[in-house]
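# Structural overview for review
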Amino acid sequence: MTSFSKILSKTDIKKRLTVPIKFLKSLPSFDGGHAVKFEARDEGGEAWAFQCSTRRRGHPKPVLTRGWKAFINSKKLKTGDKVSFIKCKNRATAKTSYRVRAEKEIKIFGATIGYAPL
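Let us look at the structure shown here. The structure presented is a predicted model; accordingly, all values stated were derived computationally and were not measured.

### Some points on the environment of Ile86
Here Ile86 shows up in strand β6 (residues 82-89). Each C-alpha atom of the pair Ile86 and Phe4 lies 6.7 Å from the other, and the pair is 82 residues apart in sequence.

Set out below in structure tokens:
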């Protein structure tokens, strides 16, 4: 199981989600291209279609573009909330799947004390 979690920034909310380079190996093959589509299921079992793109030249800087805005709008995510992507592999069938988890930031008196799953 491979995963990453991220506290969302203003850019993550308004434009695209920056993905750690090490997570690229967990995604389906780019087949020589600069973008790949994949599906991830949330905690409620709903399927979300995403596209991960990289720059064509220089540092790859992977980002989630297509599908990302629909996801954050549906979950009402804001700056400071948290998102996690998890790659899972079924041992019996060797089939790969992805999960996405959104968590709302919990604050008391302006201080973050944790995160609550949606």
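### Comments concerning the pairing of strand β4 (residues 47-53)
For β4, the tally of buried residues reaches five of seven residues, placing the bulk of the element in the interior. Across seven bridges, the pairing between strand β3 (residues 35-41) and β4 is antiparallel. Across the sheet, Phe38 pairs through a bridge with Phe50, a residue of β4. Counting the residues between successive antiparallel strands, the hairpin from β3 to β4 contains five residues, one of them, Gly45, with a positive phi of roughly 90°. By the bridge criterion, two bridges tie β4 to strand β5 (residues 63-64) in an arrangement that is antiparallel. The residue of β5 that forms the bridge with Cys52 is Leu64.

### Notes on the nonpolar core
Counting residues in each nonpolar core, the largest one holds 25 residues, and the members touching the most others are Leu27, Phe38, Phe50, Leu64, Trp68, Phe71 and Phe85. Mapped by element, the contributors of at least two residues to this core are β3, β4, α2 (68-75), β6 and β7 (96-108). Setting aside anything within four residues of it in sequence, one finds Trp68 in contact with Leu8, Asp12, Lys15, Arg16, Leu17, Phe50, Val83 and Phe85.

### Some points on the pattern of salt bridges
On inspection of all chains with the given rule, the structure shows five salt bridges. A salt bridge links Lys6 to Asp12; the nearest nitrogen and oxygen atoms lie 3.0 Å apart. The class of Lys6 is partly exposed, set by a relative accessible area of 21%.

### Some words on unusual backbone geometry
With phi around 65°, Ala94 is a residue other than glycine that occupies positive phi space. Along the chain, Ala94 turns up in the loop between β6 and β7. What makes Ala94 partly exposed here is its relative accessible area of 47%. Positive phi, close to 55°, is recorded for Phe109, a residue that is not glycine.

Calculation criteria
- Residues numbered from 1 in each chain as written.
- Predicted model: local features only at pLDDT ≥ 70, side-chain atom pairs only at ≥ 80, totals over all residues.
- Heavy atoms only, no water.
- Helix = DSSP H or I, 4+ residues; strand = E, 2+ residues; numbered from the N terminus.
- Buried < 20%, exposed > 50% of the residue type's maximum accessible area, 1.4 Å probe, protein only.
- Pairing = 2+ DSSP bridges.
- Core = buried A, V, L, I, M, F, W, Y, C linked by side-chain atoms within 4.5 Å.
- Contact = heavy atoms within 4.5 Å.
- Salt bridge = Lys/Arg side-chain N within 4 Å of Asp/Glu carboxyl O.

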